[in-house]
Amino acid sequence: KIKICGIKNLDTLDFCIKNKVNYYGLIFYKTSPRNISIKKAKKLLEYIKNKKILSVGVFVDYNLKELSKLLKNLNFDYIQLHGKEDDKYIKYLKEKNKINVIKVISIKNLKDFKNITNFPNSDMFLFDYKPEVNELPGGNSKKFDWKLLKNIKINKPWFISGGINENNIMQIKNYVIPYGIDISSGVEVKRGMKSNQKIKSIVNLLG
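Presented here is an overview of the structure given in this document. Counting starts from 1 at the beginning of each chain's written sequence and moves along it residue by residue. Whole-chain, interface and lining totals are the exception, using all residues; otherwise, since this is a predicted model, local features are given only for residues with pLDDT of at least 70 and side-chain atom pairs are given and counted only at 80 or more. Heavy atoms throughout the structure, all of them, feed into the side-chain values; hydrogens and water do not.

## Some thoughts on the packing of aromatic side chains
Aromatic contacts are taken between Phe, Tyr and Trp rings whose centres are within 6.5 Å, Trp giving its six-membered ring; a plane angle under 30 degrees counts as stacked, one over 60 as edge-to-face, and the others as tilted. In total, this model carries 10 aromatic pairs according to the counting rule given. Their ring planes at 65 degrees and their centres at 5.7 Å tell us that Tyr-23 and Tyr-78 sit as a pair that is edge-to-face. Taken together, the residues span a long stretch of sequence, with Tyr-23 in strand E2 (residues 23-28) and Tyr-78 in strand E4 (residues 78-81) at a distance of 55 residues. The two residues Tyr-23 and Tyr-78 agree in class, both being buried. Ring plane angle 80 degrees and centroid distance 5.9 Å describe the contact between Phe-28 and Phe-76, whose orientation is recorded as edge-to-face. Remark: Phe-76 occurs in the loop between helix H3 (64-73) and E4 and Phe-28 occurs in strand E2; sequence separation between them is 48 residues. Exposure is judged per residue with a 1.4 Å probe applied to protein chains only, and the accessible area is read against the type maximum: over 50% gives exposed, under 20% gives buried, and values in between give partly exposed. We classify Phe-76 as buried; its relative accessible area is 6%. Should the NZ of a Lys or the CZ of an Arg lie within 6 Å of a ring centre and within 35 degrees of the ring normal, that charge is described as sitting over the ring. The lysine or arginine in question, Lys-51, covers the ring of Tyr-47, its NZ or CZ lying 4.3 Å from the ring centre. Secondary structure is summarised from DSSP: a helix means a run of H or I of at least four residues, a strand means a run of E of at least two, and numbering begins at the N terminus for each.

Structure (structure tokens):
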């Protein structure tokens, strides 16, 4: 499955739909160059009704009650939690909103994978590069060591993310076949600006 994250306009979203991208992510994190307003997000969510693509709202340590309220207005298929949210946080959201949750697990070494046991209520996982103190929670154009994924067994679907682009994407299959691949900066011409040509290139490589 292909997930393009950090979409901000209709042109990119429409291109993703026409090229059979499976998931698209909307980022609600003010310091990210891919941040989207609730008003714009609503338009993009309305546009995909009856179309074959799944929406993912991406949040980082968002106030739990506020997020629960927001989810009643924004009709996501999934939400992705990219901060220090715990399993109680996930359980509350699922009970109040009946939403599917992707929990991000930051990876630097093999023992980081053990963190998945802390999130029994998560529906999926997303493995990403572990950011340094001064870096964004995601979208840093950096990858973790994919060799760590060799022989890994996880009982839920999971995405791989972090520094993936058209030049290195085919290397992933040397180590593992994930459920999905999540790309943001790897399909951009500059930070926050997606390229339809680069999206097409990724789709062609995986097609």
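## Brief notes about unusual backbone geometry
Unusually for a residue other than glycine, Lys-20 sits at a positive phi of about 60 degrees. Turning to its location among the elements, Lys-20 is positioned in the loop between helix H1 (10-18) and E2. One non-glycine residue with positive phi stands out, namely Lys-98, at about 50 degrees. Here Lys-98 shows up in the loop between helix H4 (87-97) and strand E5 (100-107).

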